[in-house]
Amino acid sequence: MQERQEKISRAVLVHTCCGPCMTGVFPELSKEKKIYGFFYNPNIHPLNEFSARLMTAGFVASQFGFKLFVDADYGIARWLEVVKDFEKRCSGCVYMRLKRTAEFAEEKKIKSFTTTLLVSPYQDHEYIKETGCAIAKKTGVEFFYRDFRKNYQDSIKKSKEMLLYRQKYCGCVFSQENDKVKH
Ligand code: SF4
């Protein structure tokens, strides 16, 4: 009982970019923390892809047994605001999602936030870390940083075992055209 209460007081809101990446975070982090997920990804296009990743994230939440908060608004118009500076679109895109996650954590009185983006070796890891820390300073919501890239191969294995849908590109229409790797 005491252990459970300690875990809840150490709750963390995990921005969940997709179900497969959550398999690289939850098994490790849930031993230390009470996990809440937050699906907020207006960068995922087109709509059927957005729906597929959302459903997969929901399935993972149900299998692992954590609460997944969802912003189900496709939100492409909001995201397009971010790519006004096309060259810096990835920075804006990550910032947008982490900032909203920190704000949502504050609304829900969850003291810290993190992101499954820290699992992927294909993301700009240092930028994600710096951005999370900068947002923490601004909002007062702690950013939980850990290099989860060590779990990337395990997450692929686990995703296959769970028969999860695994996407072939980062999310936006530009990455759909250019990405040659799985994220
Ligand atoms: S490649 Fe990924 S991080 Fe960059 S803008 Fe597209 S969806 Fe966002």
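Values in this document were obtained by computation on a predicted structure and should not be read as measured data. (Residues numbered from 1 in each chain as written. Predicted model: local features only at pLDDT ≥ 70, side-chain atom pairs only at ≥ 80, totals over all residues. Heavy atoms only, no water.)

Across four bridges, the pairing between strand β2 (residues 35-39) and strand β3 (residues 67-70) is parallel. Counterpart to Y36 in the pairing with β3 is K67. A crossover links β2 with its parallel partner β3, the connecting element being helix α4 (residues 47-64), and its sense is right-handed. (Pairing = 2+ DSSP bridges. Helix = DSSP H or I, 4+ residues; strand = E, 2+ residues; numbered from the N terminus. Right-handed = clockwise from strand over helix to strand, strands pointing away.)

Here we take up empty space enclosed by the protein. If you walk through the whole model with that rule in mind, you get two cavities of 30 Å³ or more. Of the volumes computed, that of the largest cavity is approximately 110 Å³. Forming the boundary of the largest cavity are 14 residues, of which C17, L117, Q123, Q167 and C170 lie nearest the centre. (1 Å grid on protein atoms, 1.4 Å probe; cavity = no way out; pocket = protein on both sides within 12 Å on 5 of 7 lines; lining within 4 Å. Points joined across faces, edges and corners; volume = space filled by probe spheres on them.)

Every residue near the ligand is listed here: N43, W79, R89, C90, C93, R97, C170, G171, C172 and S175. When atoms are counted within 2 Å of each cavity's grid points, the one that captures over half of the ligand is the largest pocket. Broken down by element, the shell around the ligand gets its largest block of residues, four residues, from helix α6 (residues 89-107). Here the shell around the ligand is composed, by residue class, of five nonpolar, three polar and two charged. (Near = heavy atom within 4 Å. Sits in = over half its atoms within 2 Å of the grid points. Nonpolar A, V, L, I, M, F, W, Y, C, P; charged D, E, K, R; others polar.)

Glancing now at α4. At 3.6 residues per turn, the α-helix brings residues three or four places apart onto the same side. Between its first and last C-alpha, α4 extends 26 Å over 18 residues, near the 26 Å set by a 1.5 Å rise per residue. Within the span of α4, buried status applies to E49, F50, R53, L54, T56, A57, V60 and A61. When α4 is viewed along its axis, its buried side chains cluster within an angular range of 160 degrees and face the same direction. Exposed residues on α4 whose side chains face more than 90 degrees from its buried face are N48 and M55. (Expected span 1.5 Å × (residues − 1). Buried < 20%, exposed > 50% of the residue type's maximum accessible area, 1.4 Å probe, protein only. Arc of directions from axis to C-beta.)

Take the layout of surface pockets next. Approximately 340 Å³ is the volume found for the largest pocket. Along the wall of the largest pocket there are 21 residues; nearest its centre are C90, Q123, C170, C172 and S175. When residues of the lining of the largest pocket are traced back to their parent elements, those giving at least two are α6, α7 (125-139) and α9 (173-178). Each residue belonging to the lining of the largest pocket can be placed in one class, and the counts come to ten nonpolar, seven polar and four charged.

What follows is about the pattern of salt bridges. Applying the stated rule across the entire model yields twelve salt bridges. The partner of E28 in a salt bridge is R146, with the nearest N and O atoms 2.7 Å apart. Placement of the pair is E28 in helix α3 (residues 26-29) and R146 in the loop between β5 (142-143) and α8 (152-161), with a sequence separation of 118 residues. With relative accessibility at 22%, the residue R146 sits in the partly exposed group. (Salt bridge = Lys/Arg side-chain N within 4 Å of Asp/Glu carboxyl O.)

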